[in-house]
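Take a look at the letters that make up each chain.
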Amino acid sequence: MTETTTGATGALLSATALRKTYGATAALDGADFQIRAGEIVAVMGPSGSGKSTLLHCLAGIVPPDEGQVHYQGRELSGLSDAERSALRRGAFGFVFQFGQLVPELSCVENVALPLRLTGVDRKTAEGRAAEWLERLEVADVARKRPGQVSGGQGQRVAIARALVATPRVIFADEPTGALDSLNGERVMELLTAAARDTGAAVVLVTHETRVAAYSDRDVVVRDGKARDVAGMAGVA
Ligand SMILES: Nc1ncnc2c1ncn2[C@@H]1O[C@H](COP(=O)(O)OP(=O)(O)OP(=O)(O)O)[C@@H](O)[C@H]1O
């Protein structure tokens with residue numbers, strides 16, 4: 001497993017006192033969050049409570065108005081745009097509810113994309129992508145376009161794409177939100193098994209307790225404030 005630098009609290013990724021306002025709406029109002037290497041944390045809470053905004057701030061997609069996010073002890077706002085993009089490409093993987101696949105590319109090309117963007121040649125990238133599709137039980141859709149596959153198959157392709165570059169953190173925002181319960185359960189099993197095997201941490205935004213059951217720990221977001229339900233027990 002890759003050696004992992006963590007902050008003083010033992011967290012791989014942490015956020016302190018995040019505030020983010022959209023007009024008159026305080027999407028985040030003093031949110032704290034921590035996740036350790038290899039840990040799966042569910043971020044729960046009612047609709048509009050700030051879960052997605054927290055995920056976007058943690059991933060460096062949205063800059064908070066106040067507060068800090070540290071990854072491996074480095075503050076994200078201290079990085080240049082290029083460094084933040086490189087971090088998102090190399091160390092982070094993303095799975096969203098809808099539409100994250102590029103419609104013009106085949107499924108195997110979609111999965112290979114994160115590797116191609118880091119300079120891996122096409123043959124190697126597509127070979128690794130094909131292995132991940134196999135592992136996610138969707139090898140048969142490799143040459144199809146996203147528009148030609150089912151929602152469950154598309155989500156498995158998206159998970160393969162999130163994992164192909166062996167990220168240290170996977171950000172999953174309602175990854176089963178568009179799926180029926182059987183498909184949702186299988187997608188969660190495959191996602192969490194793959195994360196455990198590769199040692200990736202998972203920030204899992206969901207409002208479903210059935211999905212949160214796959215996590216090690218729950219964090220509840222309410223009115224833009226995050227509360228760690230059980231605490232980070234055992235953090236050095
Ligand atoms: N880009 C934006 N522009 C304006 N308001 C936004 C934006 N993003 C989020 N908000 C507002 O911030 C608040 C928190 O939104 P957020 O999407 O983080 O909540 P959530 O808990 O993920 O909700 P849901 O479960 O419904 O997806 C909401 O009131 C939302 O309308």
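For the structure, check the block above.
Before going into details, it helps to say that this report is about the structure given with it. Just so we're clear, the structure is a prediction, and the values are computed from it rather than from any experiment. Each chain carries its own residue numbering, running from 1 in the written order of its sequence. Totals for whole chains, interfaces and linings use all residues, but because this is a predicted model, local features are given only for residues with pLDDT of at least 70 and pairs of side-chain atoms are given and counted only at 80 or more. Hydrogens and water molecules were not included; the side-chain quantities draw on all heavy atoms of the structure.

1. A word on unusual backbone geometry
The backbone of glutamine 72 sits at a positive phi, close to 50 degrees, despite the residue not being glycine. Helix and strand definitions here come from DSSP, where helices need a minimum of 4 consecutive H or I residues and strands a minimum of 2 consecutive E residues; each element is numbered from the N-terminal end. Of note, glutamine 72 is situated in the loop between strand E4 (66-71) and strand E5 (74-75).

2. Focus: the site of the ligand
What surrounds the ligand is the set Tyr22, Thr25, Ala27, Pro46, Ser47, Gly48, Ser49, Gly50, Lys51, Ser52 and Thr53. Identification of polar contacts relies on pairs of N or O atoms within 3.5 Å, with a donor-acceptor requirement for protein atoms, meaning one able to donate a hydrogen and the other able to accept it, and with residues adjacent in sequence counted only if both atoms are side-chain atoms. Threonine 53 places a side-chain nitrogen or oxygen 2.5 Å from an oxygen atom of the ligand. All accessibility values rest on the Shrake-Rupley procedure with a 1.4 Å probe; residue burial counts only the protein chains present in the view. Contact with the protein chains hides 57% of the accessible area of the ligand, taken as 630 Å² for the molecule alone. Of all the secondary structure elements, the ones that give two or more residues to the shell around the ligand are strand E2 (25-35) and helix H1 (51-58). It is H1 that contributes the most residues to the shell around the ligand, 3 residues altogether. Side-chain classes follow a simple rule in which Ala, Val, Leu, Ile, Met, Phe, Trp, Tyr, Cys and Pro form the nonpolar group, Asp, Glu, Lys and Arg form the charged group, and the remainder, Gly included, forms the polar group. Here the shell around the ligand is composed, by residue class, of 3 nonpolar, 7 polar and 1 charged. The nearness test applies per residue and asks whether one of its heavy atoms lies within 4 Å of the molecule or strand.

3. Brief notes about the sheet that holds E2
At least two DSSP bridges between two strands are required for those strands to pair. Taken in spatial order, the 4 strands make up an open sheet running E2-E1-E4-E5, and their pairing is antiparallel. Each edge of the open sheet is held by one strand with a lone partner, namely E2 and E5. Two strands pair when backbone bridges link them, and strand E1 (residues 13-22) and E2 are joined in this way by 8 bridges, in the antiparallel orientation. Looking at the pairing, arginine 19 lines up with aspartate 29 of E2. Packing against the sheet, H1 makes contact with E1, E2 and E4, and its axis sits at approximately 60 degrees to E2. Any pair of residues with heavy atoms lying within 4.5 Å of one another is described as a contacting pair. Between the N-to-C directions of two axes lies an angle of 0 to 180 degrees, each axis being a line fitted to C-alpha atoms and, for a helix, fitted only over the stretch in contact.

4. Regarding the packing of aromatic side chains
Two rings belonging to Phe, Tyr or Trp (six-membered ring only in the last case) form a pair when the distance between their centres is within 6.5 Å. Interplanar angles under 30 degrees mark stacking, angles over 60 mark edge-to-face geometry, and anything in between is tilted. As enumerated under the stated definition, the model contains 4 aromatic pairs in all. Consider the rings of phenylalanine 92 and phenylalanine 171, whose centres lie 5.0 Å apart with planes at 75 degrees: the pair is edge-to-face. A residue pair is termed long-range when its members are at least 10 positions apart, and phenylalanine 92 in strand E6 (residues 92-95) and phenylalanine 171 in strand E7 (residues 169-173) qualify at 79 residues. Remark: exposure states derive from per-residue accessible area (1.4 Å probe, protein chains only) relative to the maximum for the residue type, with buried under 20%, exposed over 50%, and partly exposed in between. We classify phenylalanine 171 as buried; its relative accessible area is 0%. A ring pair is formed by phenylalanine 94 and phenylalanine 171, whose centres lie 5.4 Å apart and whose planes are at 20 degrees; its orientation type is stacked. Of the two residues, phenylalanine 94 is situated in strand E6 and phenylalanine 171 in strand E7; the sequence distance between them amounts to 77 residues. What links up through ring pairs into an aromatic cluster is the set Tyr71, Phe92, Phe94, Phe96 and Phe171.

5. Considerations on helix H4 (residues 122-135)
For the α-helix, the turn length of 3.6 residues means that residues three or four positions removed from each other point alike. Under the convention used throughout, the expected extent of a helix is 1.5 Å for every residue step, that is, one less than its residue count. An ideal rise of 1.5 Å per residue puts 20 Å on 14 residues; H4 measures up with 20 Å between its terminal C-alpha atoms. For H4, the set of buried residues is Ala125, Glu126, Ala129, Trp132 and Leu133. What you see down the axis of H4 is that its buried residues fit within an arc of 115 degrees, all on one side. Exposed side of H4, more than 90 degrees from the buried face: Lys123, Glu131 and Glu134 are the residues found there. Each element contacted by the buried residues of H4 is listed here: helix H3 (107-117), helix H5 (151-163) and helix H6 (181-198). Trailing H4 by a residue or two, glutamate 137 shows a phi angle of about 65 degrees, which is positive. By construction, the arc corresponds to the directions joining the helix axis to the C-beta atoms.

6. Comments concerning the packing of H5 against H6
Relative to each other, H5 and H6 sit at 10 degrees, their axes nearing to 10 Å. In terms of their interaxial angle, H5 and H6 are classed as roughly parallel. Residues Gly152, Gln155, Arg156, Ile159 and Leu163 of H5 touch H6, and the partners they reach there are Asn183, Arg186, Val187, Leu190, Leu191, Ala194 and Thr198. A breakdown of the residues in the contact of H5 with H6 according to their chemical character gives 6 nonpolar, 4 polar and 2 charged. An angle counts as roughly parallel when it lies under 35 degrees, as roughly antiparallel when it exceeds 145, as roughly perpendicular when it falls between 65 and 115, and as oblique in every other case.

7. Description of the environment of threonine 192
In this structure, threonine 192 sits in helix H6. Note: C-alpha distance between threonine 192 and alanine 129 (63 residues apart in sequence) is 18 Å. Here threonine 192 is in contact with Ile40 and Tyr214, once residues within four sequence places are set aside. A polar contact is formed between the side chain of threonine 192 and the backbone oxygen of glutamate 189, at a distance of 3.3 Å.

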